[in-house]
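# Examining the three-dimensional arrangement
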Amino acid sequence: MTDHVLVTGGAGYIGSHACKALKAAGYVPVTFDNLSTGWREAVKFGPFEEGCLTDRARLDEVFARWKPVAVMHFAALSLVGESMKDPGKYWRGNVLASLNLIEAACAAGCLDFIFSSTCATYGDQDGVILDETTRQAPINAYGASKRAIEDMLADFAGSHGLRHVIFRYFNVAGADPEAEVGEFHQPETHLIPLMLDAIDGKRPALTIFGTDYPTPDGTCIRDYVHVCDLADAHVLGLEWLRAGKGSSVFCLGSGKGFSVREVIDQSAAVTNRAVPITEGARRPGDAAVLVSGSTRAERDLGWRPKRSDLRTMIADAWRWHQAGGYGR
Ligand code: UDP
């Protein structure tokens, strides 16, 4: 029988790409999603179960029906700015929901668990190159909620034998090169899709959030990693757990930092169009620099990012953007 994997947030940006990668690797991805930010049209690679992580009876039913060999937990609220304005939404929507899921997985005996964490758990470390050993000190409620879930996984590893791989993502970008799935949020808040909208005339201009950071050009520096490379890492993480190699944490980034202005310049080059910009204030909760210095995923998982150069990420995002997104 083909092995099923429960993918929470499988209708979302990263989850849908992971479903495609799981299917290609011979698994059946079962999407569990409440469609609060995801899209029904993004569920293309396996069955769909609509439901909320806060509904324990529904989760129990889904575990009983599909008997998944593992969970990939993508479903989350993930907006730094929103988390600063409404932290309760993040503690409930991320931490409580994840507790429910972890308890349901343990009760069902589904003990291989892959969790989407974030470099936002590190906070602002004054330009330090980050890896798995760096102290976590989140400066926004989003990062704090993700760190709490990491702690929760460690506790359930002790009590229930839960085996977990934690991936701390840097800035995820790009889209499926075949444009079957891609990034599409409503409202959109992320740099690259907003920029492509501005290039395309769908928005008046991109606002640069802060030009007075202690970086060479004054704008924030981020490490962008292609969503398909991230999806591949998840399949490798799954195989790592299923081979009995134990719980681990991996940073997933390209190891290269680009400022907001550099991303703007590269987008202009890729699309051959001007990017209308305005300069605005800093966004509360943003660190100046977040760049991965880790090679652990390459070393342990054999992860080889293939599309995580900035040009390819923007070109893939642009192709997807032109294909139109969902629900349009
Ligand atoms: N950013 C910006 N203007 C925007 C959106 C984002 O200048 O309209 C900046 C933001 O301050 C950060 C970087 O772009 O430095 C990436 O932000 P995004 O929201 O895409 O991802 P995050 O870093 O919050 O995960």
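## Things to note about the site of the ligand
Close to the ligand lie 16 residues, the nearest being L191, T207, F209, R283 and D286. Out of a free accessible area of 510 Å², the ligand has 90% covered by protein chains. Within the residue set of the shell around the ligand, elements represented by two or more residues are α6 (191-199), β8 (206-209) and β9 (221-226). When residues of the shell around the ligand are assigned to their parent elements, the largest contribution, 4 residues, is made by β8. Along the lines of polarity and charge, the residues of the shell around the ligand split into 9 nonpolar, 4 polar and 3 charged.

## Looking at the packing of helix α8 (residues 260-271) against helix α10 (residues 310-323)
Across the interface, α8 lies against α10 with an axial gap of 9 Å and an inter-helix angle of 60°. Between α8 and α10, the interaxial angle falls into the category oblique. Relative to α10, the crossing made by α8 is right-handed. Here E262, V263, Q266, S267, A269, V270 and T271 of α8 lie close against α10, whose contacting residues are L310, R311, I314, A315 and W318.

## Section: the nonpolar core
Ranked by internal contacts, the top residues of the largest apolar core, which has 40 residues, are I14, L22, F167, Y169, L238 and L252. When residues of this core are traced back to their parent elements, those giving at least two are β1 (4-8), α1 (13-24), β4 (70-73), β6 (163-169), α7 (227-242), β10 (248-252) and α9 (296-301). Per-element accounting of this core gives the leading share, 9 residues, to α7. L194, V260, V263 and A288 belong to the second largest nonpolar core, which has 27 residues in total.

## A short note on the side chain of S98
Turning to its location among the elements, S98 is positioned in helix α4 (residues 87-108). For S98, a relative accessible area of 2% puts it in the buried group. The residues contacting S98, other than those within four sequence positions of it, are H73, I149 and M152.

## Considering the sheet that holds β6
With respect to topology, 7 strands assemble into an open sheet ordered β3-β2-β1-β4-β5-β6-β10, the strand pairing being parallel. Of all strands in the sheet, those with a lone pairing partner are β3 (48-50) and β10, marking the two edges. On average, each strand axis in the sheet is inclined to that of its neighbour by 20°, with strand direction left out of account. Pairing analysis gives 5 bridges linking β1 to strand β2 (residues 28-33), with the strands arranged parallel. Looking across to β2, one finds that L6 is bridged to V30. Its contacts with the sheet place helix α2 (residues 56-66) against β1, β2, β3 and β4, and it is angled at close to 165° to β3. Taken strand by strand, α4 contacts β1, β4 and β5 (112-118), and its axis lies near 170° from that of β4.

## Re the pattern of salt bridges
Two side chains carrying opposite charge are able to pair once their charged atoms lie near each other. In the structure shown here, the tally under the stated rule is 24 salt bridges. With its nearest N and O atoms 2.8 Å apart, the salt bridge here joins R168 to E150. On the criterion of sequence distance, the pair formed by R168 in strand β6 and E150 in helix α5 (residues 141-160) is long-range, its members being 18 residues apart. E150 shares its class with R168; the two are buried.

## Here's the deal with α4
Helix length check: α4, at 22 residues, gives a terminal C-alpha distance of 31 Å against a target of 32 Å (1.5 Å per residue), a fit within 8%. Every buried residue of α4 is listed here: Y90, N94, V95, A97, S98, N100, L101, I102, A104, A105 and C106. Elements in contact with the buried residues of α4: β1, α2, β4, α3 (80-85), β5 and α5. G109, located one to two residues past α4, shows a positive phi value of around 75°.

## So, unusual backbone geometry
With the exception of glycine, the majority of residues adopt a negative phi angle, and the majority of peptide bonds are in the trans configuration. Residue P187 follows Q186 across a cis peptide bond; omega there is 0°. With respect to the helices and strands, the residue P187 is situated in the loop between β7 (171-173) and α6. Non-glycine residue L35 carries a positive phi angle of around 60°. Its place among the elements puts L35 in the loop between β2 and β3. By relative accessible area, which is 25% here, L35 ends up partly exposed.

## Quick look at α7
With 16 residues, α7 should cover 22 Å at 1.5 Å per step; its first-to-last C-alpha distance of 23 Å lies within 8% of that length. By the criterion of burial, α7 is predominantly enclosed, with 12 of the 16 residues buried. All of the buried residues in α7 are V227, C228, D229, L230, A231, A233, H234, V235, G237, L238, W240 and L241. Positive phi appears at G244, one or two residues downstream of α7, with a value of about 75°.

## Examining empty space enclosed by the protein
Enumeration according to the criterion identifies 1 cavity of 30 Å³ or more in this entry. In this model, the largest cavity occupies a volume close to 30 Å³. Residue lining of the largest cavity: A11, G12, Y13, T37, G38, W39, G182, F184, H185 and Y326, and that is the complete set. Residue composition of the lining of the largest cavity, by class: 5 nonpolar, 5 polar and no charged.

So, how was this worked out
- Residues numbered from 1 in each chain as written.
- Predicted model: local features only at pLDDT ≥ 70, side-chain atom pairs only at ≥ 80, totals over all residues.
- Heavy atoms only, no water.
- Near = heavy atom within 4 Å.
- Areas by Shrake-Rupley, 256 points an atom, 1.4 Å probe, with all protein chains shown as cover.
- Helix = DSSP H or I, 4+ residues; strand = E, 2+ residues; numbered from the N terminus.
- Nonpolar A, V, L, I, M, F, W, Y, C, P; charged D, E, K, R; others polar.
- Axes fitted to C-alpha atoms, helices over the stretch in contact; angles between N-to-C directions.
- Parallel < 35°, antiparallel > 145°, perpendicular 65-115°, else oblique.
- Left-handed = near helix turned anticlockwise from the far one by under 90°.
- Contact = heavy atoms within 4.5 Å.
- Core = buried A, V, L, I, M, F, W, Y, C linked by side-chain atoms within 4.5 Å.
- Buried < 20%, exposed > 50% of the residue type's maximum accessible area, 1.4 Å probe, protein only.
- Pairing = 2+ DSSP bridges.
- Salt bridge = Lys/Arg side-chain N within 4 Å of Asp/Glu carboxyl O.
- Expected span 1.5 Å × (residues − 1).
- 1 Å grid on protein atoms, 1.4 Å probe; cavity = no way out; pocket = protein on both sides within 12 Å on 5 of 7 lines; lining within 4 Å.
- Points joined across faces, edges and corners; volume = space filled by probe spheres on them.

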